[in-house]
Amino acid sequence: IGGDEFALLLPGMNESDAQAVLDNLNELLVLNNQFYPGSPLSLATGAATRQGSEKIEETVRRADILMYQSKNDYYSRSAADLRAAQEEFERWRSAM
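For clarity, every value in this text was computed on a predicted model and none was experimentally measured.

Turning to the packing of aromatic side chains, a few remarks are in order. Any two aromatic rings considered together are summarised by their centre-to-centre distance and by the angle between their planes. Summed over the entire model, instances satisfying the criterion amount to 1 aromatic pair. Ring centres 5.1 Å apart and planes at 80 degrees place the aromatic pair Tyr74 and Tyr75 in the edge-to-face group. Accessibility expressed as a relative area gives 34% for Tyr74, which makes it partly exposed.

Further remarks concern helix 1 (residues 15-35). With 21 residues, helix 1 extends 31 Å between its outermost C-alpha atoms, agreeing within 8% with the 30 Å of an ideal straight helix rising 1.5 Å per residue. For helix 1, the full list of buried residues reads Ala18, Leu22, Leu29 and Asn33. All buried residues of helix 1 project into a common sector of 55 degrees when viewed along the axis, lining one side. Exposed and facing more than 90 degrees away from the buried side of helix 1 are Ser16, Glu27, Leu28, Gln34 and Phe35.

Rules used in this analysis
Residues numbered from 1 in each chain as written. Predicted model: local features only at pLDDT ≥ 70, side-chain atom pairs only at ≥ 80, totals over all residues. Heavy atoms only, no water. Phe/Tyr/Trp six-rings, centres within 6.5 Å; stacked < 30°, edge-to-face > 60°. Buried < 20%, exposed > 50% of the residue type's maximum accessible area, 1.4 Å probe, protein only. Helix = DSSP H or I, 4+ residues; strand = E, 2+ residues; numbered from the N terminus. Expected span 1.5 Å × (residues − 1). Arc of directions from axis to C-beta.

Set out below in structure tokens:
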């Protein structure tokens with residue numbers, strides 16, 4: 001864990017409890033972005049619950065993989081949105 005990454009360890013919580021924490025975090029992010037629309041924040045998250053006698057390092061690795069998957073999905077979607085906007089602009093410009 002480094003750079004702009006951080007971890008939350010939630011002892012005693014199950015998967016649905018962890019999802020509730022992430023949902024609250026995302027709701028706060030939406031609220032923040034309503035008040036500061038010029039500098040919107042985004043988060044990529046990954047959550048994993050320790051399975052049986054699994055080492056904590058493996059649990060963190062699984063959460064890390066999910067976080068990077070979330071990040072990749074965000075940037076892929078953003079790139080697709082940008083391409084669609086560029087195509088729409090080109091159609092508009094051609095019609096002028």
